[in-house]
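# Coordinate analysis (summary)
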Amino acid sequence: MQVLIRANYEEMSKEAARYVSSEMRKKVKFVLGLATGSTPLGLYKELIRMHKEEGLDFENVTTFNLDEYYGLSPTHEQSYSYFMWENLFKHVNIKKENVHIPDGMAKDVEKFCEEYEHMIKEAGGIDLQVLGIGSDGHIAFNEPLSSLGSRTRLKTLTQQTIEDNARFFENKDEVPRYAITMGVGTVFEAHKCILLASSHSKADVIAKAIEGPVAAYITASAMQLHRDTIVVLDEGAAAELKRKDYYRYVDKMVKEFNK
Ligand code: F6R
C-alpha cells in the first residue's frame, strides 16, 4: 500500500485524477469502479476537465459503481445513479450501456446481486476501483462486521452512516435504511484500488484502516491485504497516522527512483 499525503482537498483530487487518467490511458478497454459521496467530487471534476481539455476518452470505458440505496429509483435526486450522471457521466463521452450501477429498485435482490457479480466478471474484472471510506470504517456500504469475503448483497446501514448521509436529504428519516453494495471480497478483487479521504473527520478511521489490525469491524482495513492499493489523503485525514513521515519519505523516494 502506498500512502500519499497532499496539502488539501484540491491537491488530493488532482493527484487522484492524475493516477486514474494515467491508468485509463494504459488500456484500450478500461473497467473503472466508481464511488459516490462528497470525497470523489473533486476527482470527477478534474476528470471532466481532462476530458474537455486534454482529450481523456471515456468511449471504451466501462464503469461499475460500488453501491446504491435500496428503494430509490435512478431518477431520485439522492440516488447514486442520479449522482453519477450529474457529477460525471453526462459531462463525458461514456456510452450509457457501459454504465453499471446497482438497481435500488430490484425486485429480486438476490438474483440482481448475482447478476451484478456476473457482469463484473464478464467485463474482465475491475481494472481500477475508486474508493472512499465511511466514518465507521465502511468500504462501499460494507458496514462493521461485514465479512471480509462478502459479495454483492443487501446491507443494513448503521445509524452512524444514516446520520452522516442525512446531510444530503431533507431529514434523517428520509435516508434509506438499506443499500445494495459490492462486498468486501468483490471490491478487493479489483486489480488496483485508489482510496481517497479528506478532512479531520476521517483522521481517526483512516489511522485504524491503515495502521490498525485487519478486522471486519473496520472493513476498509481489508485493503491491507490488497497488493496494489494507493491511498490519497489530505493533511486533515492524515493527521492521526503514526508513520506519516515515513509515508512522505517513500513518496519522495518513489518519485526520485522513477525520474
Ligand atoms: C459511496 C460509498 C461510501 C462512501 C463513504 C464516504 O459509493 O461507497 O463508502 O465512499 O460513505 O462518503 P463521503 O465521501 O461522503 O464521506
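Right, let's walk through the structure included here. Since we're looking at a predicted model, the values are computed, not measured.

Criteria and thresholds
Residues numbered from 1 in each chain as written. Predicted model: local features only at pLDDT ≥ 70, side-chain atom pairs only at ≥ 80, totals over all residues. Heavy atoms only, no water. Near = heavy atom within 4 Å. Polar contact = N/O pair within 3.5 Å; in protein donor to acceptor, adjacent residues only side chain to side chain. Areas by Shrake-Rupley, 256 points an atom, 1.4 Å probe, with all protein chains shown as cover. 1 Å grid on protein atoms, 1.4 Å probe; cavity = no way out; pocket = protein on both sides within 12 Å on 5 of 7 lines; lining within 4 Å. Sits in = over half its atoms within 2 Å of the grid points. Nonpolar A, V, L, I, M, F, W, Y, C, P; charged D, E, K, R; others polar. Helix = DSSP H or I, 4+ residues; strand = E, 2+ residues; numbered from the N terminus. Contact = heavy atoms within 4.5 Å. Phe/Tyr/Trp six-rings, centres within 6.5 Å; stacked < 30°, edge-to-face > 60°. Buried < 20%, exposed > 50% of the residue type's maximum accessible area, 1.4 Å probe, protein only.

### Digging into the site of the ligand
Surrounding the ligand, one finds 14 residues, the nearest of these being Thr39, Asp67, His138, Ala140 and Lys202. In this structure, an oxygen atom belonging to the ligand sits 2.7 Å away from a side-chain N or O atom of His138. Isolated, the ligand exposes 410 Å² of accessible area, and the fraction of that covered by the protein chains is 93%. The site holding the ligand turns out to be the largest pocket. Residues belonging to the shell around the ligand are distributed by class as follows: 4 nonpolar, 7 polar and 3 charged.

### Description of the environment of Ile210
Position of Ile210 relative to the elements: it lies in helix H7 (residues 203–211). On a C-alpha basis, the gap between Ile210 and Tyr80 in space is 27 Å, while along the polypeptide they are 130 residues apart. With near-sequence residues (within four places) excluded, Ile210 lies in contact with Met1, Val3, Met223, Gln224, Val231, Leu233, Leu241 and Tyr247.

### Describing the packing of aromatic side chains
Aromatic ring pairs are reported here in terms of the distance separating the ring centres and the angle at which the planes meet. Per the stated rule, a full pass over the model turns up 9 aromatic pairs. Arranged with centres 6.4 Å apart and planes meeting at 85°, the rings of Tyr70 and Tyr178 form a pair that is edge-to-face. Of this pair, Tyr70 sits in the loop between strand S4 (67–69) and helix H3 (80–87) while Tyr178 sits in strand S8 (residues 178–181), and the two are 108 residues apart along the sequence. Among the residues examined, Tyr70 registers a relative accessible area of 30% and is labelled partly exposed. Between Tyr80 and Phe141, the ring centres sit 6.0 Å apart and the planes meet at 20°, which makes this aromatic pair stacked. Of this pair, Tyr80 sits in helix H3 while Phe141 sits in the loop between strand S6 (128–131) and strand S7 (153–156), and the two are 61 residues apart along the sequence. Each member of the pair, Tyr80 as well as Phe141, carries the same accessibility label: buried. Joined through ring pairs, the aromatic side chains of Tyr69, Tyr80, Phe141 and Phe169 make up one cluster.

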